[in-house]
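A closer look at the structure
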Amino acid sequence: GGARGVRRSTRERVQRLIDNAITLDDSAVTPIPMDEEGNNNGSRRSDGSGDDEVVKSGNPPWFLPLVVVVLAACVILAIALPLSLRGESVNAAQDMSSTLTDDVCLPGGVEARFELAKSILSNITSPDLLEDGSTPQGKAIRWIVCNDSISVQLLGNQDSSTGSLPKQKHGFRFSGDAGEVQLNRRYILAAFFYSTSQVSPWTDTLNFLSPDLHECNWYRNYSRHNFPFGEFDPVGVFCMKDVPGNFSAADVPDEFLSNDEDYPLRYLEFNFRMDNNLNGPLPPEFGYLIDCKSIGFENNIGLAGQLPQTMENMILLYSMTLILNGPKFGGELPESLFRLANLKNIHIQDNLGEDWSLPSNVQVGDDAKLERLLLTRNGFAGTIPSWLAQLNELQTLDLSMNNFQGAIPSVIGDLSSVKYLNLMGNNLTETIPSSLGKLVGIEALILGNNKLQGEVPASIGNLRTLQLLDVGSNELTSTIPSSFANLESL
C-alpha cells in the first residue's frame, strides 16, 4: 500500500510537469517577432512600462520550451520503465496478449513454463480455454507464466527426476504442501479476478495479482464494524493458522496469517462483503478452492450467472453468504452444494435476480450437517422440494418472501431438529399439513400471507415449545382448535 502511494504521488508530480510544460494558456504563448522580410528577430521581453523590447538570442524562442518538454518526457520514461518492470502486476496482466515472449515476461523460458503450467492446470480447465488468450482462464495462465514471480519460481525449479514442483514452506492442512497445489490456487484466484472484471475494473484490486505476495495476502482491511471479527475485516482472501482447538474472535489477529513461511495454514476465507464492482460470472475453477471455509459476496450488482456446479469440490466449506447482489446473478442452486458434509450455513437474501430456484431432486448424504438455510426475498420460484426433509440437522428453514407455489410438502414434518420455520409471503396453496405437528422442537412457525385453505390442524397443539405462530392472511376457514390450549409457550 505504501509503495503504491509513493508511485501514485510520483505519477502526479510527473503529470504536473507535463501540464506546466505543455499549455494552451494564451498568457504563456509569446508570438515570435518577424522583420519586414519575415525573418525571426528574437523574442520580446516586457519591462513593465508597456513598451516591448526585442531580446536577441542565439537560440530560437521555442528552444527552451522544447527542452522542457523533452526533459519531462525523459523523466516520465525514467519513472515509467522501472515501474512497468516491477509492475503493478494487475495493469500488466490486464493488458496481457495471447502471445508470450521472453522480452516482455520474466526470464527463464516462458514457452516452456506455459506448457508445464498447462499440463498441470488442465486437470481443472480444458486446454482449449487455457490456450485462448481472450478467456479469463487464458489470461490467468498467461499472468502465471509471464508475470507471477512466485509461480515462475515454482515452474522454473521442477525436479528433473520426479517432475514435481518445489514444495511450499508449509502449505495447508488439507491440500498439503505440494507446489502444484499453490500453482492451482494462484491460477484459480487469477481466473476469478479476470472473470469478474470483464466489463470494468474492480474498485479496489485488494492486492490481487501481486506477483511477490503469497495469495493469503490478497486482501485489504476495512473497518466496517459488521464482520464477525469486528475491527478485523479483511476484504479479499485471507487465511488462518493451523492451530489445535478453537479460538475466539479476540484471538483472530494472532491466528491470521498472510503466508505460510512460519506455520501451516488451516483454511482460507473468501470475503467480498462490500461493493467492489465485481462484474461477470464466477468461473468454474472457483469450485476447486478446496481449502476454502467460507464465501461471502455482498452488494456486487454486476455479478452474473449461477454458482458453479464444481463447488462440490469445496469439501471444507462451512458457510456461504450471498446478499444484495445483481439482477443477472441467480439460477438454480447447485445440487452438489447440499451434499457438502461440512456446510452448516447457506444465507441467500435480498438478491435482485428473479430466476433463483432449488434443485428438484437431491440425494442428501447421511453426513450432511446443514443447520441454517435462509433464502428470504430473492424471487425463488417453483415448488418446495421434498428432499429438504432429508436435512436431519436443519434448525432454521426460511423460504419467506419468494414465489414458491403449490402445497407445503407433508414430509417437512420430518424435520425433527427445526426450531424456526418461515414460509411467509409466497403463493402456497392447499391445506396446512397435519404432519407439522411432529415438529416437537419448533419455536416459531410462520405461514402467513399465502393462499392456504381449510382448517388449522389440531396437531399444531402438540408443539409445546412453540412461541410464535402466524397463519394470518390466508384463506383458512376453521376456528382455533381446542388443542391450542396446550401451547403454554405461545
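1. Details of the nonpolar core
Grouped together as the largest cluster of nonpolar side chains are 103 residues, with contacts concentrated most on F270 and F297. Among the elements that make up this core, the one with the highest residue count is helix α8 (residues 179–195) (nine residues). Other than its neighbours up to four places away in sequence, F297 contacts F192, F270, F272, R273, L278, L282, F286, L303, T321, L322, I323 and N325. The next biggest cluster of nonpolar side chains, apart from the first, holds five residues, and it includes Y219, M240, F256 and Y267.

2. As for the packing of helix α4 (residues 110–121) against α8
Contact geometry of α4 with α8 gives a least axis separation of 10 Å together with a crossing angle of 90 degrees. Comparing the axis directions of α4 and α8 gives the class roughly perpendicular. Counted together, A117, I120 and L121 of α4 and E180, L183, N184 and Y187 of α8 form the full contact between these two elements. Of the residues contributing to the contact of α4 with α8, the split by class is five nonpolar, one polar and one charged.

3. Concerning the pattern of salt bridges
One pass over the full model with this rule turns up 13 salt bridges. Across the pair R273 and E298 runs a salt bridge whose closest N-O atoms are separated by 2.9 Å. Here E298 lies in strand β8 (residues 292–298) and R273 lies in the loop between β6 (265–272) and β7 (279–281), a separation of 25 residues in the sequence. Relative accessible area serves as the criterion here: at 16%, E298 is assigned to the buried category. Where R377 meets D350, a salt bridge forms, and the shortest distance between an N and an O atom there is 2.7 Å. Placement of R377 in the loop between β12 (372–374) and β13 (381–383) and of D350 in the loop between β11 (345–349) and β12 is noted, with a sequence separation of 27 residues between them. The partly exposed category is assigned to R377, whose relative accessible area is 39%.

4. Concerning the state of the cysteines
By the definition in use, this model includes two disulfides. Covalently, C105 is tied to C146 through a disulfide, its sulfur atoms 2.0 Å apart. Negative torsions about the S-S bond denote left-handed disulfides, and the value of about -95 degrees found for C105 with C146 makes this one left-handed. A residue pair is termed long-range when its members are at least 10 positions apart, and C105 in the loop between α3 (89–94) and α4 and C146 in helix α6 (residues 136–146) qualify at 41 residues. Residue classification places C105 among the buried positions, given a relative accessible area of 10%.

Reading guide: rules and limits
Residues numbered from 1 in each chain as written. Predicted model: local features only at pLDDT ≥ 70, side-chain atom pairs only at ≥ 80, totals over all residues. Heavy atoms only, no water. Core = buried A, V, L, I, M, F, W, Y, C linked by side-chain atoms within 4.5 Å. Buried < 20%, exposed > 50% of the residue type's maximum accessible area, 1.4 Å probe, protein only. Helix = DSSP H or I, 4+ residues; strand = E, 2+ residues; numbered from the N terminus. Contact = heavy atoms within 4.5 Å. Axes fitted to C-alpha atoms, helices over the stretch in contact; angles between N-to-C directions. Parallel < 35°, antiparallel > 145°, perpendicular 65-115°, else oblique. Nonpolar A, V, L, I, M, F, W, Y, C, P; charged D, E, K, R; others polar. Salt bridge = Lys/Arg side-chain N within 4 Å of Asp/Glu carboxyl O. Disulfide = S-S within 2.5 Å.

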